[in-house]
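The primary structure of each chain is shown beneath.
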Amino acid sequence: MRARKVTDLLAERADVVVRFQGGNNAGHTIVRGNEEFKLHLVPSGILHAGTLCAIGNGVVIDPKILTDEIEGLKRRAVPVANLRISANAHMIMPYHVLLDTAGEARLGSRMIGTTKRGIGPCYATSRHGSGSASRTCSTRRSSARRSWLRWSRSGSSSAPTPRTPSSTCTR
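The structure contained in this document is the topic of the report that follows.

Rules of the game
Per chain, residue numbering runs from 1 following the sequence as it is written. Note on the predicted model: pLDDT of at least 70 is required for a residue's local features to be given, and 80 or more for side-chain atom pairs to be given and counted; whole-chain, interface and lining totals, by contrast, use all residues. Hydrogens and water are ignored here; the side-chain numbers use all heavy atoms of the structure. Helix and strand definitions follow DSSP, with helices as H or I runs of at least four residues and strands as E runs of at least two, each counted in order from the N terminus. Three labels apply to residues, based on accessible area from a 1.4 Å probe with only protein chains included: buried if under 20% of the type maximum, exposed if over 50%, partly exposed otherwise in between. Counting rule for charge: Lys and Arg are taken as positive, Asp and Glu as negative, and neither His nor the chain ends is counted. Each reported salt bridge corresponds to a side-chain nitrogen of Lys or Arg within 4 Å of a carboxyl oxygen of Asp or Glu. Counted as a polar contact is a pair of N or O atoms within 3.5 Å, where, for protein atoms, one must be capable of donating a hydrogen and the other of accepting one, and residues adjacent in sequence contribute only when both atoms are in side chains. Should any heavy atoms of two residues lie within 4.5 Å, those residues are counted as being in contact. Definitions used throughout: a 1 Å grid over protein atoms alone; a cavity as a set of points that fits a 1.4 Å probe which cannot get out; a pocket as an open set with protein on both sides within 12 Å along at least five of seven lines; a lining residue as one with an atom within 4 Å of a point. Grid points are joined across faces, edges and corners, and a volume is the space filled by probe spheres set on the points. Under the convention adopted here, Pro, Cys and the residues Ala, Val, Leu, Ile, Met, Phe, Trp and Tyr are nonpolar, Asp, Glu, Lys and Arg are charged, and Gly plus all remaining residues are polar.

1. Some thoughts on the side chain of Asp 62
Phase 1 of the analysis: Inspection of the secondary structure puts Asp 62 in the loop between β4 (52–61) and α2 (63–75).
Phase 2 of the analysis: Although Asp 62 is buried, it makes no salt bridge; Lys 64 carries the closest opposite charge, 7.3 Å away.
Phase 3 of the analysis: Separated by 3.0 Å, the side chain of Asp 62 and the backbone nitrogen of Lys 64 make a polar contact.
Phase 4 of the analysis: Excluding anything up to four places from it in sequence, Asp 62 contacts Asn 24, Leu 41 and Ile 92.

2. Notes on unusual backbone geometry
Phase 1 of the analysis: Even without glycine at this site, Ala 77 takes up a positive phi of about 65°.
Phase 2 of the analysis: Position of Ala 77 among the secondary structure elements: in the loop between α2 and β5 (83–85).
Phase 3 of the analysis: Given a relative accessible area of 65%, Ala 77 falls into the exposed group.

3. Digging into the layout of surface pockets
The method is simple in principle: a probe with the dimensions of a water molecule rolls over the atoms, and the space it marks as empty is what remains.
Phase 1 of the analysis: Of the voids in this model, the second largest pocket is the one considered here, and its volume is about 230 Å³.
Phase 2 of the analysis: Around the second largest pocket sit Lys 5, Thr 7, Val 17, Val 18, Arg 19, Phe 20, Gln 21, His 28, Pro 43 and Ser 44, which together line it.
Phase 3 of the analysis: Per element, the largest residue contribution to the lining of the second largest pocket is 5 residues, and it comes from strand β1 (residues 16–22).
Phase 4 of the analysis: Counted by class, the lining of the second largest pocket contains 4 nonpolar, 4 polar and 2 charged residues.

Below you can see the structure in the form of structure tokens.
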């Protein structure tokens, strides 16, 4: 029998489990019986019926990774109706990944060893107000959300312009 993660042991008794910061670089594996669940963005509380799970505004979200993770949970009959995502969470875009990769390449033998998933550049643009960070509330309308998801999967570095300015993202 494998040892259970402390966060999963705590989640089993919690009413709410919140992922409040970070990106999809780490992740955690939860074992239930013979099933193994690899979670990168969704809080482990999702595996406990009745637990409200939230992805907070300090998390940087890769839309493709999140969508794939949610779809994977659904395919395994794990209900995701109790999952909430902050409207102020920032999205990792393909250009963040390109910036991360280029930054590491530029450093050569002095590279810092990022995961090259765009997490650092997304945090940098969101914290420094450079205007190139997009919040999840920018994709509220389903047509805009579909456009962003298609774009994020395409790997293109030229992003569609969100119809809702990020300055209106106040939740």
